[in-house]
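# Inside the fold
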Amino acid sequence: MSKLYKVAVCGATGAVGNQMIQCLEERDFPVGELRLLASERSKGKKLTYKGEEIPVQVLGQDSFQDIDIALFSAGASTSRDYAPLAAEAGAVVVDNSSYWRMDPLVPLVVPEVNPKAVADYPNKGIIANPNCSTIQMVVVLQPIQELAGIERVVVSTYQAVSGTGQKAIFELENQLKDLHEGRAPEAKVYPQQIAWNLLPHIDVFLDNGYTKEEMKMVLETQKIMGDDGIKLSATCVRVPVRYSHSEAVNIATKKKVSVDEVRAVLAKAPGVKVVDDPANLVYPTPLMSAGQDLTLVGRIREDISQEKGIDLWLVADNIRKGAATNAVQIAEILAADYL
C-alpha cells in the first residue's frame, strides 16, 4: 500500500482553498488525513471531501502538528506568520501567496518548467507557488526557450475578477445587475466600475510606473526559468470576466523559428494544448479554458515587425492551473520523490 499523507489546507474556505480540496480529490492524492484551516469567521463551517463532511478548524499556532504537507492560500500576512510555524512543526509548506516567492532560499516552482527546484525545499521548509499570470505564461515560454532561446517578452494580460477573490465576482455581478436595471453601479473592490469596463491597474503602482503585478511577472519568470537575461515588460489589465486569465505574448527569439516549429513544440509541451485554427475561427477563450488545468495557446504567428519574433495568445483558468492545481502538482512531486 502506498504511503498516505496528512495534508492541511490553510485558507480552506476561500476560492483557491476550495479548489485545492477539489484538486486533491480529482487527482486522487494519497491523503490519509485532511485538516481544513481558516480564520475565526469560518468557525463551524464544514466542507466536503470524497463525500465526507470535514469541519473547518480555526487557524492557530498548533494547527500543523503531525502534518506532512500544508497547502497555503490565505494571503501574504498569514503566510508570513504561519508558514514558518508549519515548517518548524515538520510540514512542507506549498504557499500560494506572494510573500515567499522572491526569497532566494525558497524555490518558486511550476512543475512543467522547473520540477527539480523542489529539491531545495529543506532550506526553509517552504515552496512558493508563482503568480497565476506567470504560471500560464512560463509553461509556454519554456518550450520556446529550449527551441530557439528568448531575448525579450512583451506581455499584456486580461485578468478575470476571480483573481481578486469572491468579493470581486460579486461586485461584477452586482454592477451588471444595477446597469441592467437602470441603477448607478457601486465600486468598492476596484477603484472604478469593472462592469463593461477595463482597468489597466492590478495591485499597487510602483516608482517605475509599473504595477506590483507587472513586476511579479518579470521577476518570477526570470527566477523560474533560471535566466535573468530574459527581458520582459508586462501590462496587466483587469477585465469583466469571472474566470480565466488571457495573455497576448510577443516573444523575440534568439534564432529564427517558423510558426510550424513553434506549433509543433507547443503541441508536445506538458500542460499546454494548442487551439489554433484561425481559418475556422478557433482560438482560446476564457469560457473554453474554465475548469481545465491546461494552458490553451492559439493565434500563433510570426511577428511582422521583427525578423525573429513570435506572437501568440494564451488562456488558462487562474483558480485551477494558476493557483490550486499547480500547488497540488508540487505536492505530488514531494510525495513521489522527497517525503
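Refer to the preceding data block for the structure.
Let me begin by describing the structure that accompanies this report. (Residues numbered from 1 in each chain as written. Predicted model: local features only at pLDDT ≥ 70, side-chain atom pairs only at ≥ 80, totals over all residues. Heavy atoms only, no water.)

## Section: the overall build of the protein chain
Helices and strands together make up the secondary structure of the protein chain, namely eight helices and 13 strands. Expressed along its principal axes, the backbone C-alpha trace of the protein chain runs to roughly 60 × 55 × 40 Å. Here the protein chain holds 339 residues, and the buried ones make up 53% of them. When contacts within the protein chain are restricted to residue pairs at least 6 apart in sequence, long-range pairs at least 24 apart make up 66% of them. For the protein chain, the exposed area adds up to about 15,200 Å²; of that, 49% sits on carbon and sulfur atoms. (Helix = DSSP H or I, 4+ residues; strand = E, 2+ residues; numbered from the N terminus. Buried < 20%, exposed > 50% of the residue type's maximum accessible area, 1.4 Å probe, protein only. Contact = heavy atoms within 4.5 Å. Areas by Shrake-Rupley, 256 points an atom, 1.4 Å probe, with all protein chains shown as cover.)

## Notes on the environment of Leu-179
Following the sequence through the fold, Leu-179 ends up in helix H4 (residues 166-180). The partly exposed category is assigned to Leu-179, whose relative accessible area is 23%. With 119 residues separating them in the primary sequence, Leu-179 and Gly-298 have C-alpha atoms 33 Å apart. Those residues in contact with Leu-179 that sit more than four places away from it in its chain are Pro-185, Gln-193, Ala-195 and Trp-196.

## Concerning the sheet that holds strand S1 (residues 5-10)
Within a sheet, each strand pairs with its neighbour through backbone hydrogen bonds, oriented either parallel or antiparallel. Taken in spatial order, the seven strands of this open sheet run S3-S4-S2-S1-S5-S6-S7, and their pairing is mixed. The sheet is open, and its two edges are formed by strand S3 (46-49) and strand S7 (126-128), each paired on a single side. Taking each pair of neighbouring strands and ignoring which way they run, the sheet shows an average axis angle of 25°. Pairing geometry for S1 and strand S5 (residues 69-72), over four bridges, is parallel. Considered in S5, the bridge of Val-9 is made with Leu-71. On the sheet, helix H8 (residues 320-337) packs against S1, S5, strand S6 (92-95) and S7 and is oriented at approximately 165° with respect to S5. (Pairing = 2+ DSSP bridges. Axes fitted to C-alpha atoms, helices over the stretch in contact; angles between N-to-C directions.)

## Section: the pairing of S1
Of all six residues making up S1, five are buried, and the element is well covered by its neighbours. For the segment spanning S1, helix H1 (residues 15-26) and strand S2 (residues 31-38), crossover handedness is right-handed. (Right-handed = clockwise from strand over helix to strand, strands pointing away.)

## As for the pairing of strand S8 (residues 150-159)
As paired elements, S8 and strand S10 (residues 245-253) share eight bridges and run antiparallel to each other. If you follow Val-155 over to S10, its bridge partner there is Val-249. Note: S8 against strand S9 (residues 231-238), eight bridges, orientation parallel. Opposite Gln-159, over in S9, you have Arg-238 as the bridge partner.

## Some thoughts on the pattern of salt bridges
Pairs can form between side chains of opposite charge whenever their charged atoms are close. Within this structure, the stated rule accounts for 19 salt bridges. Ionic pairing is found between Asp-178 and Arg-183, a salt bridge with its closest N-O pair at 2.8 Å. We classify Asp-178 as buried; its relative accessible area is 15%. Two residues, Arg-263 and Asp-260, come together in a salt bridge whose shortest N-O distance is 3.5 Å. Separated by three residues within a single helix, Arg-263 and Asp-260 lie in helix H6 (residues 259-267), roughly one turn from each other. Owing to a relative accessible area of 25%, Arg-263 belongs among the partly exposed residues under this scheme. Residue classification places Asp-260 among the exposed positions, given a relative accessible area of 56%. Members of the salt-bridge network, linked through shared partners, are Glu-26, Asp-293 and Arg-320. (Salt bridge = Lys/Arg side-chain N within 4 Å of Asp/Glu carboxyl O.)

## A look at the side chain of Thr-211
Along the polypeptide, Thr-211 turns up in the loop between H4 and helix H5 (212-225). Taking the relative accessible area as the measure of exposure, Thr-211 reaches 0% and is therefore buried. Engagement of the side chain of Thr-211 in a polar contact is seen with the backbone oxygen of Ile-202, the distance being 3.1 Å. Once residues within four sequence positions are removed from consideration, Thr-211 is found in contact with His-201, Ile-202, Asp-203, Val-204, Phe-205 and Leu-206. (Polar contact = N/O pair within 3.5 Å; in protein donor to acceptor, adjacent residues only side chain to side chain.)

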